[in-house]
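# Residue-level structural notes
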Amino acid sequence: MTTRLAIIPLLTLASQAMAQAELRPNIVYIMTDDHTAQMMSCYGNSYMQTPNLDRIAQEGVLFRNSFVANSLSGPSRACMITGKHSHKNGFTNNEHGVFDGSQQTMPKLLQAAGYQTALIGKWHLVSQPTGFDHYEILHGQGEYYNPSFLQMDGTTRQASGYCTDVITDKAIDWMEQRDKEKPFILFVHHKACHRDWLPDLKYLREFEDQTFQKPSNFDDTWQGRIAAQQQEMTIASAHDMDLVYDNKVYLPGDKSRLAGTYLAYVNRLKPEDRERYWAFHDSISCDFYRRFPEMRERALAGELNGKPGERTMEVAAVTDWKYQRYMRDYAKVTKSLDDNVGRLLDYLRQHDMLDNTLVVYTSDQGFYMGEHGWFDKRFMYEESLNTPLVMLLPDGYKRRGEIGEMVQNIDYAPTFLEMAGVKVPSDMQGESLVPLLRGEKTIGRWRDAIYYHFYEYPAEHSAKRHYGVRTDRYKLMHFYNDIDAWELYDLKEDPQEMHNVYGDPAYAKVQKMMHAKLKKLQKQYDDDIEEQLKK
Ligand code: SGN
Ligand code: CA
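Everything numeric in this text was worked out from a predicted model, so none of it was measured.

### Quick notes on the domain arrangement of the chain
How big an interface is tends to be reported as the loss of accessible area on association of its parts. By domain assignment, the chain separates into domain 1 (24-197 + 334-437), domain 2 (202-327) and domain 3 (450-534). A separation of 29 Å is found between the C-alpha centroids of domain 1 and domain 2. In this assembly, 30 residues from domain 1 lie in contact with 37 residues from domain 2. The contact between domain 1 and domain 2 buries some 2900 Å² in all, and 56% of this surface belongs to carbon and sulfur atoms. On inspection of domain 1 and its partner domain 2, the count reaches 2 salt bridges. Notably, a salt bridge pairs Asp-246 with Arg-195, separated by 2.7 Å at the nearest N-O pair. Top element by residues in the side of domain 1 that touches domain 2 is helix α11 (residues 313-350). It accounts for 3 residues. Taken together, the residues that form the side of domain 1 that touches domain 2 break down as 13 nonpolar, 9 polar and 8 charged.

### Remarks on the sheet that holds strand β12 (residues 465-470)
Two modes of strand pairing occur in sheets, parallel and antiparallel, and in both the strands are linked by backbone hydrogen bonds. Pairing within the open sheet is antiparallel, and its 4 strands lie in the order β11-β12-β13-β14. A single partner strand is all that each edge strand has here, and the edge strands are β11 (450-454) and β14 (485-490). Taking each pair of neighbouring strands and ignoring which way they run, the sheet shows an average axis angle of 15 degrees. Bridging between β11 and β12 involves 5 bridges; their strand directions are antiparallel. The residue of β12 that forms the bridge with Ile-450 is Arg-470.

### A few points about the pattern of salt bridges
Two side chains carrying opposite charge are able to pair once their charged atoms lie near each other. Scanning the entire structure with this criterion turns up 38 salt bridges. The residue Arg-378 makes a salt bridge to Glu-456 at a minimum N-O spacing of 2.9 Å. Of the two residues, Arg-378 sits in the loop between β8 (357-363) and α12 (382-385) while Glu-456 sits in the loop between β11 and β12, which places them 78 residues apart along the sequence. The pair formed by Arg-378 and Glu-456 is uniform in burial state, with each residue classed as buried.

### Side note on the sheet that holds strand β10 (residues 401-408)
Sheet architecture is open: 10 strands sit in the order β6-β5-β4-β3-β7-β1-β8-β9-β2-β10, paired in mixed fashion. Looking at strand neighbours, the two that pair on one side only are β6 (156-158) and β10, the edges of this open sheet. Looking at each pair of strands side by side, their axes are set apart by 20 degrees on average, direction ignored. Contacts from helix α3 (residues 73-82) reach β1 (26-32) and β7 (184-189), with the element oriented near 165 degrees to β1.

### A word on helix α9 (residues 271-291)
Over its 21 residues, α9 extends 30 Å from the first C-alpha to the last, a length consistent with the 30 Å expected when each residue adds 1.5 Å. Residues Tyr-277, Trp-278, Phe-280, His-281, Ile-284, Ser-285, Asp-287, Phe-288 and Tyr-289 constitute the buried set of α9.

What counts and what doesn't
- Numbering of residues starts from 1 in each chain and follows the order in which that chain's sequence is written.
- Here every chain gets a letter starting at A, and every ligand a number starting at 1, in the order they are written.
- Confidence filtering applies because this is a predicted model: local features only for residues at pLDDT of at least 70, side-chain atom pairs given and counted only at 80 or more, and all residues used for totals across whole chains, interfaces and linings.
- For the side-chain quantities, the full set of heavy atoms in the structure was used; hydrogens and water were omitted.
- Residue ranges assigned to the domains are those given by an automatic or database domain assignment.
- Note on contacts: a residue pair is in contact if any heavy atoms of the two residues lie within 4.5 Å.
- Summed over both partners, the accessible surface that disappears when two parts come together, traced with a 1.4 Å probe, is what is meant by buried area.
- Salt bridges, as used here, are contacts in which a Lys or Arg side-chain nitrogen is within 4 Å of a carboxyl oxygen on Asp or Glu.
- Numbered from the N terminus, helices here are DSSP runs of H or I no shorter than four residues, and strands are runs of E no shorter than two.
- All residues other than Ala, Val, Leu, Ile, Met, Phe, Trp, Tyr, Cys, Pro, Asp, Glu, Lys and Arg, Gly among them, are scored as polar; the first ten of these are nonpolar and the last four charged.
- Pairing between strands requires that DSSP locate at least two bridges from one strand to the other.
- Comment: axis = line fitted to C-alpha atoms, over the contacting stretch for helices; angle = value between 0 and 180 degrees taken between N-to-C directions.
- Each residue gets one of three labels from its accessible area relative to the maximum for its type: buried under 20%, exposed over 50%, partly exposed in between, using a 1.4 Å probe on protein chains only.
- To estimate how far a helix should extend, the number of its residues minus one is multiplied by 1.5 Å.

Spelled out as structure tokens, the structure:
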């Protein structure tokens with residue numbers, strides 16, 4: 001009798017524990033590089049169709065106001081795995097940092113809680129990954145063609161194929177051989193759609209008949225915005241957007257700032273593939289030289305620029321041509337990405353895993369597709385502050401459709417931890433998205449502003465250092481270091497951020513309110529930049 005009585009509670013406890021373990025969802029986290037919402041049809045854009053990403057949004061949730069804390073690869077990744085802003089996780093920029101892998105991270109906490117943890121693809125944090133049972137990572141930015149992967153044993157192995165396919169294959173292989181009794185988190189980090197947008201050869205001819213419509217602020221002259229005037233990320237500039245490397249206009253012997261890098265990437269193709277590559281791109285190069293015979297030398301030397309408003313007809317025509325090439329290449333690369341997201345979803349569906357798996361699709365930041373005349377990111381203006389975020393939710397999370405609350409990439413770590421039943425450490429700065437995913441009412445309880453800080457200057461593209469605050473309607477930014485310039489935008493009246501209203505008496509109250517919000521967030525997140533600037 002006593003024995004039976006003792007056994008019952010034990011059994012109950014065991015089954016409770018099993019039920020708990022079963023509730024812990026798997027997490028498939030797909031993060032791309034430089035993929036922007038303007039190039040996703042589920043965000044309502046018509047440049048291209050992304051049916052597989054749309055599937056996620058239609059069956060799950062789409063975050064309309066999703067932002068990064070620092071619009072650059074390494075820093076964004078560090079924010080994501082630590083749940084902390086850059087000044088706290090220590091990885092503020094790509095060029096001078098090494099991520100301190102001894103610090104607390106979300107993968108480590110999940111691993112300690114019994115999750116299997118794996119990472120495939122771009123890492124970009126310089127130090128070796130910590131907290132992963134398995135990893136295979138690209139070196140730095142990685143390569144599109146036959147990419148090399150650093151293995152856990154320190155050796156490098158070159159894979160055969162197109163990077164986006166290879167990363168997906170490796171992700172699926174890992175899921176096949178994992179311990180099926182345990183929950184897992186799998187980080188699938190693509191190189192696509194990062195510069196220099198080298199497409200899969202099967203898509204060389206895709207989008208070639210499409211003419212992309214330039215954004216209406218393509219010819220922005222950056223009035224009232226000093227940092228914008230001084231950047232080096234303009235499509236029109238042959239120095240910033242290299243005719244050879246970026247636009248793939250190359251005839252044997254051509255030299256440009258980045259021609260060597262371009263050839264090294266293309267030469268990774270196997271000889272027969274290289275032939276296919278050149279056969280197509282020779283026709284593009286010939287098209288350029290037929291149209292603009294006079295411009296060749298200046299373009300290759302990076303001298304073709306023409307500030308907005310001062311562009312000759314010819315420079316404007318070259319710029320339009322470059323824009324079409326840029327958009328087509330980016331779209332081709334993105335098409336492979338969408339296909340491969342479809343492959344992963346199919347795998348999860350075929351293995352009946354979707355009920356118990358959170359699938360996240362996001363990017364390390366947004367990107368300019370010609371807005372303000374630009375490519376690249378870095379600035380706190382909308383297109384690069386935003387990052388796409390769509391999720392398929394496991395059972396028990398009933399929210400569907402669009403979510404309007406402002407969320408940030410520092411929120412992912414607390415979200416995954418809470419879903420896994422792991423206590424969120426109090427020093428994490430992000431907020432768990434779980435209440436939003438459960439469909440709970442958050443009115444008056446969700447954040448009303450986000451904080452941003454970008455550090456990588458002086459550096460490529462010359463985007464000045466800046467920090468700022470954004471609410472649902474306004475944005476205040478301060479550019480510092482070798483300038484001292486404030487900008488304020490009314491996003492309702494001026495969604496394209498063309499009119500800096502800082503100092504405009506009509507916005508005096510808003511300005512004061514936004515300064516107060518900025519101070520509050522800097523205090524909350526413990527960023528003492530303003531103190532440092534006073535010294
Ligand atoms: C490289 C690119 C830049 C890009 C940075 C950061 N230049 O340096 O255009 O801004 O990466 O990108 S390239 O000549 O090497 O292509 S990030 O997404 O990794 O932060
Ligand atoms: Ca990036």
